[in-house]
Each structure stands twice: as C-alpha cells, then as structure tokens.
Amino acid sequence: MIEKIRTLTLLVAISVLGYGGYIFLSTFEATSESIDIQFDDDGLDVKIKNFIIAHENSGRNDWKLKAALAQINQKTETTKLNNVEYIFINDEMRKFKAYADFGTLSNKTNNLSLEGNVKMLIETDIIKDQITNHTISKK
C-alpha cells in the first residue's frame, strides 16, 4: 500500500514539474522568421528583425535599445542598426529618448553611434507638476 502511494506521489510530482516547465518555456516568443543567419568567408553574420535590448539594475530599467533591423558582424564586432530608438532613464526617473535612421553599436565597448535624422526628446517635470498641482474643487 505504501509503495502505491509513493508511486502516485512521484507521478503527481513529475506531472506538476512537467506542466511548470511547459508554462515557463511557453512565455518565450522567438520565431525563425525574425532571425536570419548567413555564413560567408569573413565569418558568421546575423540579421535580427525587431531587435530589442534592455538593461535593468536592481529591478529598475536603466536603458532600452530598439531597432527595426540589426545586422551583427562577428568579424568587426559591430552591430549595424536601422530605425533606432534608444531610451535612457536617469536616477531621477527622467526619460531621455533618442531616435535615428541608422546606428552602429560596438559589441566590445557598447558604444552607440547614431546617424541620419537624429533627434532627442527629454521628458520634463513641467507636465508632471501641472498634473500634480492641479486641484479640483467640489461645489
């Protein structure tokens, strides 16, 4: 009788672990359509559509880099980006957004160079102050 209970408990535990693994792995969304790998004489080149890199520090977003297309060149250790959006959040939680047509990311140093119609937007506290200081009076 005890052997049957142990076997049943083991089967239930394996089923729960299997279901948990399925739920965990189903949250990842990657399609083979968004990644293109090419072999050439210089080395391995990778193209990624809808490229996104985010950096968090202690649960707080520090920065995020997005691009419509990223071309990673292993030989030169650079990543060429098209339609770039870079979002940086400083210690005071102010957002700085930079947009550009093209960009080059150094894979070794993480230096980002932006080119072509570069614009930068800085979130100010003026709108936040107007919203928080505005009071509604009841009649």
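Worth saying up front: this structure is predicted, and the values here are computed from it rather than measured.

## Digging into the overall build of the protein chain
1) Next: Of the regular secondary structure elements, the protein chain holds 2 helices and 7 strands.
2) Next: In the protein chain, buried positions account for 17% of the 139 residues.
3) Next: Pairs at least 24 apart in sequence give 31% of the contacts found in the protein chain among residues at least 6 apart.
4) Next: If you sum the accessible surface of the protein chain, you get close to 11,400 Å²; carbon and sulfur atoms cover 57% of it.

## With respect to the packing of aromatic side chains
1) Next: Considering all chains together, one arrives at 2 aromatic pairs under this definition.
2) Next: Between tryptophan 63 and tyrosine 86, the aromatic rings sit 6.3 Å apart at their centres with planes inclined by 35°, giving tilted as the arrangement. With tryptophan 63 in strand β3 (residues 60-73) and tyrosine 86 in strand β4 (residues 78-89), this pair connects stretches of sequence that are 23 residues apart.
3) Next: Ring centres of phenylalanine 88 and phenylalanine 96 lie 6.2 Å apart, and the angle between their planes is 45°; this geometry places the pair in the tilted category.
4) Next: Overall, phenylalanine 88 belongs to the partly exposed group, its relative accessible area being 33%.
5) Next: The class of phenylalanine 96 is buried, set by a relative accessible area of 18%.
6) Next: Just above the ring of tyrosine 99 sits the side chain of lysine 119; from NZ or CZ to the centre is 5.6 Å.

## Observations concerning a nonpolar patch on the surface
1) Next: Where nonpolar side chains cluster on the molecular surface, the patch consists of Leu8, Val12 and Val16 and spans about 280 Å² of accessible area.
2) Next: Its place among the elements puts valine 16 in helix α1 (residues 2-26).

## Some remarks on the confidence of the model for the protein chain
1) Next: For the protein chain, per-residue confidence averages 76 on the pLDDT scale, and residues scoring 70 or more make up 73% of the total.
2) Next: Confidence over residues 129-139 falls short of pLDDT 50; this stretch has 0 contacts with residues more than four positions distant or in other chains.

## Description of the side chain of threonine 104
1) Next: Note that threonine 104 resides in strand β5 (residues 95-106).
2) Next: You can call threonine 104 buried: its relative accessible area is 19%.
3) Next: Every residue in contact with threonine 104, bar those within four places of it in the chain, is listed here: Thr78, Thr79, Lys80, Asn111, Leu112, Ser113 and Glu115.

## Section: the pairing of β3
1) Next: Relative to β4, β3 runs antiparallel, the two being bridged by 10 bridges. Residue lysine 64 lies in a different strand from β4, and its bridge partner there is isoleucine 87.
2) Next: With antiparallel pairing between neighbouring strands as the criterion, β3 and β4 make up a hairpin whose turn holds 4 residues, including glutamate 77 at a positive phi of roughly 55°.

## Structural notes on the pattern of salt bridges
1) Next: One pass over the full model with this rule turns up 2 salt bridges.
2) Next: Notably, a salt bridge pairs arginine 6 with glutamate 3, separated by 3.4 Å at the nearest N-O pair. Highlighted residues: arginine 6 and glutamate 3, both in helix α1, separated by 3 residues, approximately one helical turn.
3) Next: Residue class for arginine 6 comes out exposed when judged on its relative accessible area of 54%.
4) Next: Among the ionic pairs, lysine 108 bridges to glutamate 77, the shortest N-O distance being 3.8 Å. Taken together, the residues lysine 108 in the loop between β5 and β6 (112-115) and glutamate 77 in the loop between β3 and β4 connect sequence positions 31 residues apart.
5) Next: A relative accessible area of 34% means that glutamate 77 is categorised as partly exposed.

Here is what the cut-offs are and how they apply
Residues numbered from 1 in each chain as written. Predicted model: local features only at pLDDT ≥ 70, side-chain atom pairs only at ≥ 80, totals over all residues. Heavy atoms only, no water. Helix = DSSP H or I, 4+ residues; strand = E, 2+ residues; numbered from the N terminus. Buried < 20%, exposed > 50% of the residue type's maximum accessible area, 1.4 Å probe, protein only. Contact = heavy atoms within 4.5 Å. Areas by Shrake-Rupley, 256 points an atom, 1.4 Å probe, with all protein chains shown as cover. Phe/Tyr/Trp six-rings, centres within 6.5 Å; stacked < 30°, edge-to-face > 60°. Lys NZ or Arg CZ within 6 Å of the ring centre and 35° of its normal. Patch = residues over 30% accessible without salt bridge, like charges linked within 9 Å, V, L, I, M, F, W, Y side chains within 5 Å. Salt bridge = Lys/Arg side-chain N within 4 Å of Asp/Glu carboxyl O. pLDDT = per-residue confidence, 0-100. Pairing = 2+ DSSP bridges.

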